[in-house]
Amino acid sequence: MEKGRLKKLIIPLILEQLLAVSVGVIDTFMVSKVGETAVAGVSLVDSINVLIIQVMTAFAAGGIVVISQYRGNDNKKMALKSAAQLETIILSFTVIVMAVLLLFGNAILKGLFKGVEIDVMTAAKTYLAISAISFVFWGVYTAGSAILRCNEDTKTPMKISIVMNVMNACLNAIFVFVFKWGVFGVAIATLISRAVAGITMKIIMMSDMNALKVTSLKLYRLTGDIVKRILAMAIPSGIENGMFHVGKLIVAGMIAGLGTSAITANSISFQIIEFPNIPGNTIGLAMVVIIGQE
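Residues numbered from 1 in each chain as written. Predicted model: local features only at pLDDT ≥ 70, side-chain atom pairs only at ≥ 80, totals over all residues. Heavy atoms only, no water.

What follows covers the overall build of the chain. When its secondary structure is counted, the chain shows nine helices and zero strands. Walking the chain from its N terminus toward its C terminus, one meets helices and strands in the order α-α-α-α-α-α-α-α-α. Sorting the 294 residues of the chain into buried and exposed places 51% on the buried side. When contacts within the chain are restricted to residue pairs at least 6 apart in sequence, those whose partners lie at least 24 apart make up 84%. Carbon together with sulfur atoms contributes 70% to the accessible area of the chain, which is approximately 13600 Å² in total. (Helix = DSSP H or I, 4+ residues; strand = E, 2+ residues; numbered from the N terminus. Buried < 20%, exposed > 50% of the residue type's maximum accessible area, 1.4 Å probe, protein only. Contact = heavy atoms within 4.5 Å. Areas by Shrake-Rupley, 256 points an atom, 1.4 Å probe, with all protein chains shown as cover.)

To continue, consider the nonpolar core. Note on soluble globular proteins: their nonpolar side chains tend to be buried together. Of all hydrophobic cores here, the largest spans 72 residues; its most connected members are Ile67, Leu109, Phe113 and Val116. Those elements that place two or more of their residues in this core are helix 2 (36–72), helix 3 (76–112), helix 4 (118–150), helix 5 (155–178), helix 6 (182–205) and helix 7 (224–256). Apart from residues lying up to four places away in sequence, Leu109 is in contact with Val45, Ile48, Met121, Ala124, Lys125 and Leu128. (Core = buried A, V, L, I, M, F, W, Y, C linked by side-chain atoms within 4.5 Å.)

This part covers the side chain of Gln54. The residue Gln54 is located in helix 2 in this model. With residues up to four places along the chain from it excluded, the contact list for Gln54 reads Asn241, Gly242 and His245.

On inspection of all chains with the given rule, the structure shows six aromatic pairs. One aromatic cluster is present, built from ring pairs that chain together Phe175, Phe179, Trp181 and Phe184. The ring of Trp138 has Arg194 lying over it, and the distance from NZ or CZ to the ring centre is 4.9 Å. (Phe/Tyr/Trp six-rings, centres within 6.5 Å; stacked < 30°, edge-to-face > 60°. Lys NZ or Arg CZ within 6 Å of the ring centre and 35° of its normal.)

In the structure shown here, the tally under the stated rule is one cavity of 30 Å³ or more. Forming the boundary of the largest cavity are Glu87, Lys202, Met205, Met206, Asn210, Leu212, Val214 and Tyr220. (1 Å grid on protein atoms, 1.4 Å probe; cavity = no way out; pocket = protein on both sides within 12 Å on 5 of 7 lines; lining within 4 Å. Points joined across faces, edges and corners; volume = space filled by probe spheres on them.)

All right, on to the packing of helix 4 against helix 5 then. Relative to each other, helix 4 and helix 5 sit at 150°, their axes nearing to 9 Å. Between helix 4 and helix 5, the angle is such that the two are roughly antiparallel. Contacts from Trp138, Tyr141, Ser145, Leu148 and Arg149 in helix 4 reach Thr156, Pro157, Ile160, Ser161 and Met164 in helix 5. Considered class by class, the residues forming the contact of helix 4 with helix 5 number six nonpolar, three polar and one charged. (Axes fitted to C-alpha atoms, helices over the stretch in contact; angles between N-to-C directions. Parallel < 35°, antiparallel > 145°, perpendicular 65-115°, else oblique. Nonpolar A, V, L, I, M, F, W, Y, C, P; charged D, E, K, R; others polar.)

At Asp74, a position not held by glycine, the phi torsion is positive, near 60°. Among the secondary structure elements, Asp74 is positioned in the loop between helix 2 and helix 3. We classify Asp74 as exposed; its relative accessible area is 72%. We note that Lys180 has phi near 60°; this positive angle belongs to a residue other than glycine. Looking at Lys180, the relative accessible area reads 63%, which means it is exposed.

So, about the pattern of salt bridges. By the definition in use, this model includes two salt bridges. The partner of Glu87 in a salt bridge is Lys202, with the nearest N and O atoms 2.9 Å apart. Here Glu87, found in helix 3, pairs with Lys202, found in helix 6; they are 115 residues apart in sequence, far enough to count as distant. We classify Lys202 as partly exposed; its relative accessible area is 24%. Where Asp208 meets Lys213, a salt bridge forms, and the shortest distance between an N and an O atom there is 3.3 Å. Its relative accessible area of 70% is what places Asp208 among the exposed residues. Since its relative accessible area comes to 29%, Lys213 is described here as partly exposed. (Salt bridge = Lys/Arg side-chain N within 4 Å of Asp/Glu carboxyl O.)

For the rest of this paragraph, the subject is the environment of Met30. Relative to the assigned elements, Met30 resides in helix 1 (residues 2–32). Classification of Met30 as buried rests on a relative accessible area of 11%. Sequence-wise, Met30 and Gly182 are 152 residues apart; in three dimensions their C-alpha atoms are separated by 9.5 Å. Not counting the four nearest positions on each side in its chain, Met30 is found in contact with Ala169, Asn172, Ala173, Val176 and Phe177.

What is shown is where atoms sit, not what they do.
See below:
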């Protein structure tokens with residue numbers, strides 16, 4: 001029985017993550033047509049973005065554990081309340097991140113990546129500003145995906161991810177090759193695709209497809225006991241997994257002063273090594289859901 005449940009969860013997760021990493025490589029290829037400067041600028045920002053996404057993933061993992069435990073105990077009322085508050089936590093985090101990056105993004109880039117060429121920094125500033133807005137939609141998608149996975153539904157997030165990533169790749173091709181928008185086009189493609197994913201996910205979360213459909217706005221109000229339980233799971237996971245990405249950010253900062261070519265090579269190398277991490281990450285996500293419900 002558990003083998004069948006694992007298979008049901010793991011296959012869509014593997015496909016989802018494999019597509020996400022593959023599209024990232026394709027995006028880099030498309031951006032490379034603009035020039036090394038564009039690739040370098042985007043890669044510097046991505047080292048920040050990945051760390052932010054990792055924090056959201058940690059919140060989601062904490063929420064999955066708490067919600068799954070309530071689901072396993074047949075306590076649907078608390079599972080529903082936990083799901084709603086997970087959405088509030090992640091959305092609040094993304095709004096704060098967006099505000100900080102829009103207000104202080106330029107200063108953050110200058111502080112982290114000293115010595116980069118002016119053109120690279122200009123590209124990075126453009127990409128960071130638009131990426132900051134997209135995080136709100138990405139947060140909605142992340143929270144929704146976590147809640148659906150607690151219902152052992154990994155196919156719906158996978159389908160949305162496929163649409164989002166394919167749309168991102170297609171829009172990149174149009175904006176880069178047809179409109180000649182360069183880094184701005186790549187950033188807009190990311191924003192549009194994430195907006196579509198986030199809005200689609202929210203529509204599904206409000207429909208009968210979601211077994212944990214929230215029917216009262218009061219449930220979104222944060223309460224100390226649930227927040228503490230989610231954070232108790234999220235913080236250790238975030239620190240453990242986040243340290244790797246902090247290290248990548250530090251390395252990116254050190255390489256930034258070595259020139260545009262070094263930044264580009266570092267970016268491509270890190271994208272390639274993401275592929276071997278997919279099986280382990282996938283099994284971890286699936287096991288959290290199953291163990292949490294037992």
